[in-house]
Amino acid sequence: MYLYDDFDRTLVAERVAEFRDQVRRRLSGELSEDEFKLLRLMNGVYLQLHAYMLRIAIPYGTLSSRQLRTLAHVARRYDRNYGHFTTRQNIQFNWIKLEELPDAMADLARAGLHGMQTSGNCVRNITTDQWAAVAPDEIEDPRIWAEILRQHLTLHPEFSFLPRKFKIAVTAAAHDRAAVRVHDIGLRLHRNGAGEVGFEVVVGGGLGRTPFVGKTIKPFLPKRDLLSYVEAILRVYNQFGRRDNIYKARIKILVHDLGAEAFAKEVEAEWQPIRDGALALDPAVIAEVAARFRYPDYAELDDSPPELAQARATDRRFANWLGNSVANHKVAGYAIVTLSLKPEGGPPGDATAEQMDAIADLADRYSFGEIRVGHEQNLALPHVEQRELPALWRALDRIGVATPNVGLVSDIISCPGLDYCSLANTRSIPVAQELTRRFRDLDLARELGRLHINISGCINACGHHHVGHIGLLGVEKNGEEYFQVTIGGRADENAELGTLIGPAVPYAEVADVVEDIVAAYLELRDRPNEIFLDTVKRVGVEPFKERVYAAR
Amino acid sequence: MTSPLEQKLRITGPVVVTANRLGDGAVVYRTLDGHWTTHLAQAAVVTTTPAASELLAGAVADDLGAVGAYVAPVRLDKDGGVQPGNLREAIRHRGPTIDLPGIPGF
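Participant: An account of the environment of N405 of chain A is needed here, citing residue identities and associated values.
Facilitator: Residue and element names in this part refer to chain A. In this structure, N405 sits in the loop between α13 (389–398) and β16 (413–414). Sequence spacing of N405 and T436 is 31 residues, and the spatial spacing of their C-alpha atoms is 9.9 Å. If sequence neighbours within four positions are ignored, N405 has contacts with N324, S340, K342, S410, D411 and L442. Looking at N405, its side chain comes within polar contact range of the side chain of S410, at 3.1 Å.

Structural data, given as structure tokens:
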């Protein structure tokens, strides 16, 4: 966990007091909606179809049990008893009253939580690998760098009115679980030929209306230069990014229009004069931030304890969950446990207040009081003793978060869609719910292997449809809901955008279409362990297209 | 952003003016007597561009009552009942089409 200091606490408390006054002035009529809208958005407050929505940042996806209990309290006291975990390590509450928002924010602030920079044209919540500091394939804790960036870019006056929103993600693992190549800036910690650790800097990735996989403009950036180089990128973007057209305002358009090489030259020119100035990171500063991350006092344990083998041998449901939802930990005797927020028929990413409280209790008992939030809209307990897994599984099963479908066909990423969102064209949650029912057979899901379905209810792509193995994009045609279908997308270290397979299909046929695609895959794959993506790569989209449209 | 009053209205059927209530964001509709109601049945239904423009102007001027006023289509039943004119408005009127998960006791 990261320990916030008095500066952090004062900053957040002052912001709550400021917002309380802004709400008072709005409700009394001193501020018009035009004046107030910008102020509320700076605190993560949107006005959606039915109510105000509050988006709260979960920096680098790490929550303490106390913070999760606070989220449960906010859900219960100010909302309708649940929250929605998003694709950017945030949580959203959908039914909060403006009149009560200052009190909700004050309660959140006491636990070190806030909505600053979760909206508006600024640097948003900086995300990272939900398995940070515990993944065996990681070279160091990426959250330290996310935190250094967070401190520098929070309320940064030069970057509070960028041409458009700006998203940064950091990973330090070989396998990219943070989708860094589809962010405005993606940072990948890696080791160079000399054995030094630094960053590959990827710029101009993004989804939305005009999707791009980011381009590497700096294969190796020394750690000391992180702030100055990111500052240089933001300055170039701030100066040259388009402000005349909201659809062309993201940095990806600038990088595309200039070309990655020319963009990199602009950054280089901006960077050289500031490189050795105040932004050069002093090792003492890095060490100070790193020291505020507290790591568990792990016991000395062996892998594969007998209790685990026994439970696996005697309980098939436990064995299935173990094989699906439990990952190797970098420390012997421990495991990383993913909690599926994708139960059959449930809205992806939603958790009730009771579930949040129960998970907080389980985190205290089994995971050093720590919970992680991943961009796939699931949670994780990052430090679980392997010998405790059977007991933990029983507890998770009782509260409905042990569906062994992590990474499988029913582990669907979905935006809130037209059931909540004022931007959406179509519903997306009911599509996800129907698909979880169609693919309720977990034996079939395991047989299918890794297969990610991502659903967006509009072109803004909050459901990351472009990088779904199967991507579904809702579009409206003459007042009716339709879905465009793409296949072959992926968000990992080999990120690719999916390929459209043909004309949009009616809402009522979407689940049938996905079943057709899955059936085609089962027929086309050349061996049982050839995953869907590899089959698409090998045979192309045509056979899938034929299968889907021949019958329609 | 263009003000709703500057947007060219083209009315081809019955419409109402709708917005979100300032204090809690609830969906509200403009009434004939210049108030807001949460009941679509009590909304002022107009069918001409001048009437819609006038209704919208009054709604936009009431910045303290509701936020983001705009003209939305409705359908009229044979018995005179007012129904939302498209899916978006139907969802705003009736709420999400899914069961909400926050029932105590999971």
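Participant: Hey, could you go over the sheet that holds strand β3 (residues 62–64) of chain A for me, with residue numbers and the actual values?
Facilitator: Residues and elements named next belong to chain A. Ordered by their spatial adjacency, 5 strands build an open sheet running β3-β14-β15-β12-β11, and the pairing between neighbours is antiparallel. The outermost strands of the open sheet, each flanked by one partner alone, are β3 and β11 (326–328). Pairwise comparison of adjacent strand axes, ignoring direction, gives a mean angle of 30 degrees for this sheet. As paired strands, β3 and strand β14 (residues 370–373) are joined by 3 bridges and run antiparallel to one another. Along β14, the bridge assignment pairs T62 with R372. Seen against the sheet, helix α11 (residues 316–325) touches β11 and β12 (334–339) and runs at an angle of roughly 50 degrees to β11. Of the strands in this sheet, β11, β12 and β15 (379–385) are in contact with α13, which crosses β12 at around 10 degrees.

Participant: Give me the lowdown on the domain arrangement of chain A, citing residues and values where you can.
Facilitator: Residues and elements named next belong to chain A. Its domain assignment divides chain A into domain 1 (6–110), domain 2 (134–291), domain 3 (306–398) and domain 4 (413–549). Between domain 2 and domain 3, the residue contacts involve 7 residues of the former and 10 residues of the latter. Summing both partners gives a buried area of about 610 Å² for domain 2 against domain 3, and 59% of it is carried by carbon and sulfur. Among the residues domain 2 hides against domain 3, the three largest losses belong to V134, P136 and R143. Together they make up 74% of the total. For the pair domain 2 and domain 3, the interface holds 1 salt bridge. One salt bridge in this structure joins R143 and E370, with 3.7 Å as the shortest N-O distance. At the surface where domain 2 touches domain 3, the tally comes to 2 residue pairs in polar contact (both at pLDDT 80 or more). Here the side of domain 2 that touches domain 3 is built from residues that sort into 5 nonpolar, no polar and 2 charged.

Participant: Residues and numbers for the sheet that holds strand β9 (residues 197–203) of chain A, please.
Facilitator: Two orientations exist for strands paired in a sheet by backbone hydrogen bonds: parallel and antiparallel. All names here are of chain A. The strand order across the open sheet formed by 5 strands is β6-β7-β8-β9-β10, and the pairing between neighbours is mixed. Every interior strand has two partners, whereas the edge strands, β6 (127–128) and β10 (215–222), have only one. Strand direction decides the pairing type here: strand β8 (residues 185–191) and β9, joined by 7 bridges, are antiparallel. What sits directly across from R188, in β9, is E200.

Participant: Before we move on, could you go through the packing of aromatic side chains and cite the residues and values that matter?
Facilitator: The geometry of an aromatic ring pair is captured by two quantities: the separation of the ring centres and the angle between the planes. Per the stated rule, a full pass over the model turns up 14 aromatic pairs over all chains. Measuring from centroid to centroid gives 5.6 Å for Y60 of chain A and F293 of chain A, while their planes differ by 55 degrees, and the two rings are tilted. With Y60 of chain A in the loop between β2 (52–57) and β3 and F293 of chain A in the loop between α9 (283–291) and α10 (306–314), this pair connects stretches of sequence that are 233 residues apart. Owing to a relative accessible area of 2%, Y60 of chain A belongs among the buried residues under this scheme. Taking the centre distance of 5.8 Å and the plane angle of 80 degrees together, the rings of Y298 of chain A and F368 of chain A count as edge-to-face. With Y298 of chain A in the loop between α9 and α10 and F368 of chain A in the loop between α12 (353–366) and β14, the pair connects residues that are 70 residues apart, well separated along the chain. Clustering of aromatic rings is evident, with ring pairs tying together Y298, Y334 and F368 of chain A. Positioned over the ring face of Y247 of chain A is R209 of chain A, at 4.0 Å from the centre of the ring. Directly above the aromatic system of W36 of chain B lies the positively charged group of R30 of chain B, at a separation of 4.9 Å from the ring centroid.

Each value, and the rule that gives it
- Residues numbered from 1 in each chain as written.
- Chains lettered and ligands numbered in written order.
- Predicted model: local features only at pLDDT ≥ 70, side-chain atom pairs only at ≥ 80, totals over all residues.
- Heavy atoms only, no water.
- Helix = DSSP H or I, 4+ residues; strand = E, 2+ residues; numbered from the N terminus.
- Contact = heavy atoms within 4.5 Å.
- Polar contact = N/O pair within 3.5 Å; in protein donor to acceptor, adjacent residues only side chain to side chain.
- Pairing = 2+ DSSP bridges.
- Axes fitted to C-alpha atoms, helices over the stretch in contact; angles between N-to-C directions.
- Domains from an automatic or database assignment.
- Buried area = accessible area lost by both parts, 1.4 Å probe.
- Salt bridge = Lys/Arg side-chain N within 4 Å of Asp/Glu carboxyl O.
- Nonpolar A, V, L, I, M, F, W, Y, C, P; charged D, E, K, R; others polar.
- Phe/Tyr/Trp six-rings, centres within 6.5 Å; stacked < 30°, edge-to-face > 60°.
- Buried < 20%, exposed > 50% of the residue type's maximum accessible area, 1.4 Å probe, protein only.
- Lys NZ or Arg CZ within 6 Å of the ring centre and 35° of its normal.

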